[in-house]
Amino acid sequence: MENNLPIVVLGGGIGGTATALALALKGRTSIVLEQADALGEIGAGIQMPPNAFKAFQSLGVLEAVQKVAAYPERLVLGDMVTGEPVYQSPIREDFIRRFGFPYALMHRGDLLQVLVDACRASDLITIQTSARMVSFREAADRVVVETQRGDTYEGEGMIAADGLWSTTRMALVGGEPPRTDSYVVCRGVVPVGRIPEALYSQSVTMWGGPELDLFHYPLRRGEIYNIGASYRDPTLHPGAPNPTIDREMLEHRFRNACPHVRELLGYIDTSRTWVLYDRPPIKEWSRGRVALLGDAAHPTTIYISQGACMALEDAVVLAETIDRMPNIIEALRAYSRARYLRTARIQLTSRQFGEVYHATGVLRELRNHLLCRARPEALCDTLEWVFGPTGADCLDVAQMAQ
């Protein structure tokens, strides 16, 4: 430790709170600056594959997470047009033996609450809401952060977990806008009791269609049901406001879907929509005493359910490098070197899965032909590098420092 100052963490979402908690478990103080008036997560369901559980274990919140998670029976890809399953991968005891942990489903708000509760239980973590960062600068041995309210915070370093539109990223690596394939998603949760038995499934199901998809799965130990749909709107461009859609528009987009999917559309909340973005991978996430984390560094599409997982892994590895290396500038550089290849592969693989889900014409037929003949274990074989290590398992700080 170079001085007695805390680490300043920008953002009180999943990545920011996980970072503060990981640092506290290494005996380091931090102050979390959240621009909103209260900590909270918008959105609905989130999938937590086994690599997320390894991060939960490192963060000391494994038991708390298990209390609010649901566990699917299988992962299913169906053809939206025919209504037939194309591929199914069971999640059984052999899955847990292979990867060490199960595959879980959570509400984003539940996950954030677990992390926030753990942070508030630590004397080493301070959380400040209504604290929007407007500028930062480096002094000789510290970072000075100023907020919109005129408050000033000093830290040994600053970690920017401020999301896709990170202003810190613009300062560090430039202002290239995020990229989009113009997919709009709307989603929400409903009580399980409202879902007819014929439409309910204990599995994670993705219905892939021509530039369309619909997904559904249970949350909160099966109390609520998460349903979402997305479609491609080629008129969208990066930075445009989230579009407003109504049920008539949604039903028109999915007019060629099978009856099962069209019935599920009726349970989707169309009042809130998002445009899906990612960014091309980059290698350098830090400059001096400042580093990016989570979506600020490597935003990814949703198609292999790894966005939050990568932020959790980032937090664990970041705290480990800071703990092992006395110079924070070297530690932040080592952290990004430890993570950039894994997260880049996640970003690229997720885009590839999205292309499979949204295939059209002959590509859709080829997808169905190949996946119908694939072994149930094929998905786990393909994603073993994702579900297995966290990146901290083989952390070699000496090599990263070179």
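Everything that follows concerns the structure shown earlier in this document.
What you are looking at is a predicted structure, and each value in this text was computed from that prediction instead of being measured. (Residues numbered from 1 in each chain as written. Predicted model: local features only at pLDDT ≥ 70, side-chain atom pairs only at ≥ 80, totals over all residues. Heavy atoms only, no water.)

**A few points about the sheet that holds strand S18 (residues 290–292)**
Overall, mixed pairing links the 6 strands, which are arranged S7-S2-S1-S11-S18-S17 in an open sheet. Unpaired on one side and paired on the other, strand S7 (125–128) and strand S17 (286–287) mark the two borders of the sheet. Of the strand pairs in this sheet, strand S11 (residues 157–160) and S18 are connected by 3 bridges, and their pairing is parallel. Opposite Ala160, over in S18, you have Leu292 as the bridge partner. Against the sheet, helix H1 (residues 14–25) engages strand S1 (7–10), strand S2 (30–33), S7 and S11, with an angle of about 175 degrees to S2. Helix H10 (residues 328–357) rests against S1, S11, S17 and S18 of the sheet, and its axis sits at about 15 degrees to S18. (Pairing = 2+ DSSP bridges. Helix = DSSP H or I, 4+ residues; strand = E, 2+ residues; numbered from the N terminus. Contact = heavy atoms within 4.5 Å. Axes fitted to C-alpha atoms, helices over the stretch in contact; angles between N-to-C directions.)

**Topic: the sheet that holds strand S10 (residues 152–155)**
Taken in spatial order, the 3 strands line up as S8-S9-S10 in an open sheet, and their pairing is antiparallel. Either end of the sheet is taken by a strand with one partner, and the two such strands are strand S8 (133–138) and S10. The mean inter-strand angle of the sheet, taken between neighbouring strand axes irrespective of direction, is 20 degrees. Across 4 bridges, the pairing between strand S9 (residues 143–147) and S10 is antiparallel. Residue pairing for S10: Val145 is matched across the bridge by Tyr153.

**Here we look at the packing of aromatic side chains**
The final tally for this structure, using the stated rule, is 11 aromatic pairs. Ring centres 5.6 Å apart and planes at 75 degrees place the aromatic pair Phe53 and Phe56 in the edge-to-face group. Taken together, the residues span about one helical turn, with Phe53 and Phe56 both in helix H2 (residues 50–59) at a distance of 3 residues. The same class applies to Phe53 and to Phe56, which are both buried. Geometrically, the ring pair formed by Trp285 and Tyr335 is edge-to-face, given 5.5 Å between the ring centres and 70 degrees between the ring planes. One end of the pair, Trp285, is in the loop between strand S16 (273–275) and S17; the other, Tyr335, is in helix H10, and 50 residues separate them in sequence. Here Trp285 and Tyr335 have matching classes, each one buried. (Phe/Tyr/Trp six-rings, centres within 6.5 Å; stacked < 30°, edge-to-face > 60°. Buried < 20%, exposed > 50% of the residue type's maximum accessible area, 1.4 Å probe, protein only.)

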